[in-house]
Amino acid sequence: MLNEVLAHAERAGIKTEPGFSVKSAKWAIVIGKQAEITGLISLGDGQNGLEFGCCPDLSPSEMIAGSLTRSQFLIESLAVVAFYYKEKADEKEIEKYRIKHDYFIGLLAQAASDCPELARAAAALNSSEELQKLANFINNNQPKPKPTDSVTLLIEDSFPLHSTTWHDWWRNHRAGGNGNDVDKTQNKDLMRCVLTGNTIVPVDTHPKIKGLSSVGGLGMGDVFIGFDKEAFQSYGLDKSANAATDEVTAKIYAETFNQLINRQSIRLINGLAVYWFGRELANPDDDLFAELESPTEPPAGQSTRPKAMLNAINDGQRPDLLENYYYVMTVSGQSGRVMVRDWQQGRLTELLENVNAWFDDLQIIARDGGQLAPPSKFLAVVGSLVRDLKDVPAPLINDLWRTALNKNKPVSNSAFAQALMATRKAVINEEAQNHARMGLLKAYHIRNKGDCYMNTQLNPGHPSPAYQCGRLLAVLADLQYAALGDVGAGVVQRYYTATSQAPALRIGQLMSNAKNHLNKVGGGLAFEFENRIGEIMSAMTQIPKTLDLEQQSLFALGYYQQLADNRARMAENKAKKQAKQNQADGEK
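Criteria and cut-off values
Residues numbered from 1 in each chain as written. Predicted model: local features only at pLDDT ≥ 70, side-chain atom pairs only at ≥ 80, totals over all residues. Heavy atoms only, no water. Helix = DSSP H or I, 4+ residues; strand = E, 2+ residues; numbered from the N terminus. Contact = heavy atoms within 4.5 Å. Areas by Shrake-Rupley, 256 points an atom, 1.4 Å probe, with all protein chains shown as cover. Lys, Arg positive; Asp, Glu negative; His and termini not counted. Charge placed at Lys NZ, Arg CZ, Asp CG, Glu CD. Axes fitted to C-alpha atoms, helices over the stretch in contact; angles between N-to-C directions. Parallel < 35°, antiparallel > 145°, perpendicular 65-115°, else oblique. Nonpolar A, V, L, I, M, F, W, Y, C, P; charged D, E, K, R; others polar. Pairing = 2+ DSSP bridges. Core = buried A, V, L, I, M, F, W, Y, C linked by side-chain atoms within 4.5 Å. Buried < 20%, exposed > 50% of the residue type's maximum accessible area, 1.4 Å probe, protein only. Left-handed = near helix turned anticlockwise from the far one by under 90°. Arc of directions from axis to C-beta. Salt bridge = Lys/Arg side-chain N within 4 Å of Asp/Glu carboxyl O. Phe/Tyr/Trp six-rings, centres within 6.5 Å; stacked < 30°, edge-to-face > 60°. Polar contact = N/O pair within 3.5 Å; in protein donor to acceptor, adjacent residues only side chain to side chain.

Asker: Please explain the overall build of the protein chain as it appears in this structure.
Answerer: What the protein chain contains, in helices and strands, is 21 helices and twelve strands. Over its C-alpha atoms, taken along the principal directions, the protein chain stretches across nearly 100 × 65 × 55 Å. Contacts in the protein chain between residues far apart in sequence, at least 24 positions, make up 71% of those at least 6 positions apart. Entry remark: accessible area of the protein chain is about 28600 Å², with carbon and sulfur atoms responsible for 48%. Computing the positive centroid from 62 side-chain charges and the negative centroid from 67, the protein chain places the two 7 Å apart.

Quick look at the structure:
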């Protein structure tokens, strides 16, 4: 898997080296010609900051090597650069910031030999008067910056991070550091790299993967390869020599994966799906993973985006999609380590077919029966099974994720059972049925049972008696409403569960009540209801005594689709009546 990350780095032209990294800064301290601080400005969109492609970077082990407390160079937290900390900070914490602040200024002064303008920044940040001005800028800013926010320098309208004049100085400074990773590679046996196959000097510790704190990772980062415990080590090898990789290779895969997390990842509650492609997509709208995360609702009468892409390939309009590949890795953090929960790769066209099949299988008529429900977000499908997304177990999410990416994978029994239970609860509690949940039940019958009769909307010819029983209950509920109006707990709330489990026992009783309701309704409406009931009854050879879970889900789908059809029919009748009224008013 990391081989593919390295291959992506090579294809994308991602070049990095130890001691440098991509970082984002949320703020910039503006420094004038006279070494004075003239302002504090927000960078980027105000949330993620502005990304700088080549920032100086020390690893965590380098930051504390030689028992010295160090800071980063040119980009650090406001607490370090501006000496701006929380009011509740204790003396020990304040002292730590002071040491780091002094170290930061020291680096600026040293680097001024190669980059003279940094001398002004060092002088400004070393002045208590200028620091007080900076504190005022911070306190007067809205929204108020946090001490942990990243900040860089803007000297006379120029970011030093955009310059390369300090790069050689930084390389030499890092190489001359006490106990840094460069020193640790000395006097080591050569080994074979597990990623490249080259003969290398293994690095002790690998760079951190950042951005997993929301899925169990640590704020300071997690490692893909780490052997800090003796129990993990073998053959007398120390630390990461157990999976030997040189410093440059480790830096490249970590830097590339960090960039992918920032740019191409989807949060799956307690995991992160990080993806990339063999070739960069010609059109950003072709990103099928983004489509899974937040599908585009097609204009009325037009195809979904995946289907339109498939049609374009079949018509020969998109040959660029034919020879492309996809890679997706689901990861989370666990005690400082990156946990790989899933890995999939394949041709982009296969992914396109699979995603298209996922949306097709889930597609279902909307509750009001007017049109198809909009495509469901992946997490909306997951969330339809539980009251709170946090309650969804990780294995269930991973299983549904694999189902979405593989058209031949059936819907799991656990997802099916939860969907059926949630559907029943919604009916009993008189809650609106969830489109994604009903779509998942439909997908279960299509994928798991090969039900070729299951449509997006009502199918009067469906051969399942369970489906027809669900339809019958929906019609009888409408009949009761037409006869009696809103009577509180009606046919559905009182009889849905029992009828969906043992229809033969309840339907006879409901049909007896229906005769009274038909007499009360009377006229043409009674005749229409009689026809609809007769049509459903004629579609069944017999009413089943009991229904198992799969048949109960067919009952639920029959009930839902018939209800949607009833509402569409009512809306149509209302529109016709209104048209007649309008015509009569016009003739007057």
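Asker: Help me understand the packing of helix H12 (residues 348–362) against helix H16 (residues 435–447), please; the structure alone is not making it clear to me.
Answerer: At a minimum axis separation of 7 Å, H12 and H16 run at an interaxial angle of 110°. Relative to H16, H12 is oriented roughly perpendicular. Contacts from Asn354, Ala357, Trp358, Asp360, Asp361 and Leu362 of H12 reach H16 at Ala436, Gly439, Leu440, Lys442, Ala443, Ile446 and Arg447. Class assignment of the residues belonging to the contact of H12 with H16 gives a composition of seven nonpolar, two polar and four charged.

Asker: So what exactly am I meant to see when it comes to the sheet that holds strand E11 (residues 325–334) here?
Answerer: The strands making up a sheet are joined through hydrogen bonds of the backbone, oriented either antiparallel or parallel. Read from one edge of the open sheet, four strands run E9-E10-E11-E12, paired in antiparallel fashion. With partners counted over all chains shown, the strands left at the sheet margins are strand E9 (265–267) and strand E12 (337–347), one partner each. Averaged over all neighbouring strand pairs, the angle between strand axes comes to 20°, with direction disregarded. Packing against the sheet, helix H9 (residues 247–263) makes contact with E9, strand E10 (272–277) and E11, and its axis sits at approximately 105° to E10.

Asker: It is not clear to me how the sheet that holds strand E5 (residues 76–77) should be interpreted in this structure. Could you clarify?
Answerer: Taken in spatial order, the four strands line up as E3-E2-E6-E5 in an open sheet, and their pairing is mixed. Two strands lie at the open edges of the sheet, namely strand E3 (37–42) and E5, each paired on one side alone. The strands touched by helix H5 (residues 118–125) are strand E2 (27–31), E3 and strand E6 (150–155); relative to E6, the strand with the most contacts, the crossing angle is about 120°. The strands touched by helix H6 (residues 128–140) within the sheet are E2 and E3, with E3 carrying the most contacts at an inclination of about 30°.

Asker: How should the nonpolar core be read in this particular structure?
Answerer: In globular proteins that are soluble, nonpolar side chains generally tend to be buried together. Counting 84 residues, the largest nonpolar core has Phe289, Trp358, Phe378, Trp401 and Leu440 as its most contacted members. Looking at which element gives the most residues to this core, the answer is helix H17 (residues 465–484), with eleven residues. Dropping the residues within four chain positions of it, Phe289 is found in contact with Ile266, Tyr275, Phe277, Tyr326, Val328, Leu351, Trp401 and Leu405. Listed in part, the 47 residues of the second largest apolar core include Met63, Ile75, Ala122 and Ala124.

Asker: It is not clear to me how the environment of Leu472 should be interpreted in this structure. Could you clarify?
Answerer: Take Leu472: it is sitting in helix H17. For Leu472, a relative accessible area of 0% corresponds to the buried category. Sequence separation between Leu472 and Leu43 is 429 residues; the distance between their C-alpha atoms is 62 Å. Once residues lying within four places of it in the same chain are set aside, the contact partners of Leu472 are Ile507, Met511, Ile533, Ile536 and Met537.

Asker: Where do I start with the pairing of E12 in this structure?
Answerer: Along a regular strand, successive side chains alternate from one face of the sheet to the other. Here E11 runs beside E12; their pairing, made up of ten bridges, is antiparallel. Along E12, the bridge assignment pairs Ser332 with Met339. Hairpin connection, E11 to E12: the antiparallel pair is bridged by two residues, and Ser335 has positive phi, about 55°.

Asker: When you look at the packing of helix H15 (residues 413–428) against H16 in this model, what are you seeing that I'm missing?
Answerer: When two helices pack together, their arrangement is given by the angle between the helix axes and the distance between those axes. Remark: H15 packs on H16, axes separated minimally by 9 Å, with the N-to-C direction vectors making an angle of 135°. With respect to H16, the element H15 is oriented oblique. As H15 runs across H16, the sense of the crossing is left-handed. Facing H15, whose interface residues are Asn413, Ala415, Phe416, Ala419, Leu420, Ala422, Thr423 and Ala426, H16 presents Arg437, Met438, Leu440, Leu441 and Tyr444.

Asker: So what exactly am I meant to see when it comes to helix H11 (residues 305–314) here?
Answerer: The periodicity of an α-helix, 3.6 residues per turn, causes residues three or four places apart in sequence to face the same way. Where H11 is concerned, the buried positions are Pro306, Met309, Leu310, Ala312 and Ile313. One side of H11 holds all its buried residues, which, seen down the axis, span an arc of 160°. The elements touched by buried residues of H11 are helix H10 (288–293) and H12.

Asker: Whenever I open this one, the pattern of salt bridges confuses me. Can you help?
Answerer: As a working rule, side chains carrying opposite charge can pair if their charged atoms are close by. Counted by the stated rule, this structure contains 28 salt bridges. Asp57 serves as the salt-bridge partner of Lys251, at 3.4 Å between the closest nitrogen and oxygen. With Lys251 in helix H9 and Asp57 in the loop between strand E4 (50–56) and helix H2 (60–64), the pair connects residues that are 194 residues apart, well separated along the chain. Each member of the pair, Lys251 together with Asp57, is buried. Here Arg569 and Asp565 are joined by a salt bridge, their closest N and O atoms 3.0 Å apart. With Arg569 and Asp565 both in helix H21 (residues 549–587) and four residues apart, the pair spans about one turn of that helix.

Asker: Looking at this model, I keep getting lost on the side chain of Asn258. Mind explaining?
Answerer: Considering the arrangement of structural elements, one finds Asn258 in helix H9. When its relative accessible area of 15% is taken as the criterion, Asn258 is described as buried. Non-local contacts of Asn258, meaning those with residues more than four positions away in its chain, are made with Lys208, Ile209 and Lys210.

Asker: Help me understand the packing of aromatic side chains in this model?
Answerer: Centre-to-centre distance and the angle between the planes together describe a pair of aromatic rings. Using the criterion set out here, one finds 23 aromatic pairs in the structure. Where Phe73 meets Trp170, the ring centres are 5.6 Å apart and the plane angle is 15°; that geometry is what we call stacked. Taken together, the positions of Phe73 in the loop between H2 and E5 and Trp170 in helix H7 (residues 167–175) put the pair 97 residues apart, joining distant regions of the chain. Judged by its relative accessible area of 1%, Trp170 falls in the buried class. Judged by centre distance (5.4 Å) and plane angle (70°), the ring pair of Tyr496 and Tyr559 falls under edge-to-face.

Asker: Would you take a moment to explain unusual backbone geometry for this structure?
Answerer: With the exception of glycine, the majority of residues adopt a negative phi angle, and the majority of peptide bonds are in the trans configuration. Omega for the peptide link from Gln142 to Pro143 comes to 0°, which places this bond in the cis form. Residue position: Pro143 is located in the loop between H6 and E6. Despite not being glycine, Asp157 has its phi angle at roughly 65°, a positive value. Positionally, Asp157 belongs in the loop between E6 and H7.

Asker: Explain the side chain of Asp222 to me, please; I cannot follow it from the model alone.
Answerer: Here Asp222 lies in the loop between strand E8 (199–200) and H9. Buried and without a salt bridge, Asp222 has Lys208 as its closest oppositely charged side chain, separated by 7.2 Å. Among the polar contacts made by the side chain of Asp222, one reaches the main-chain amide nitrogen of Leu218 at a distance of 3.2 Å.

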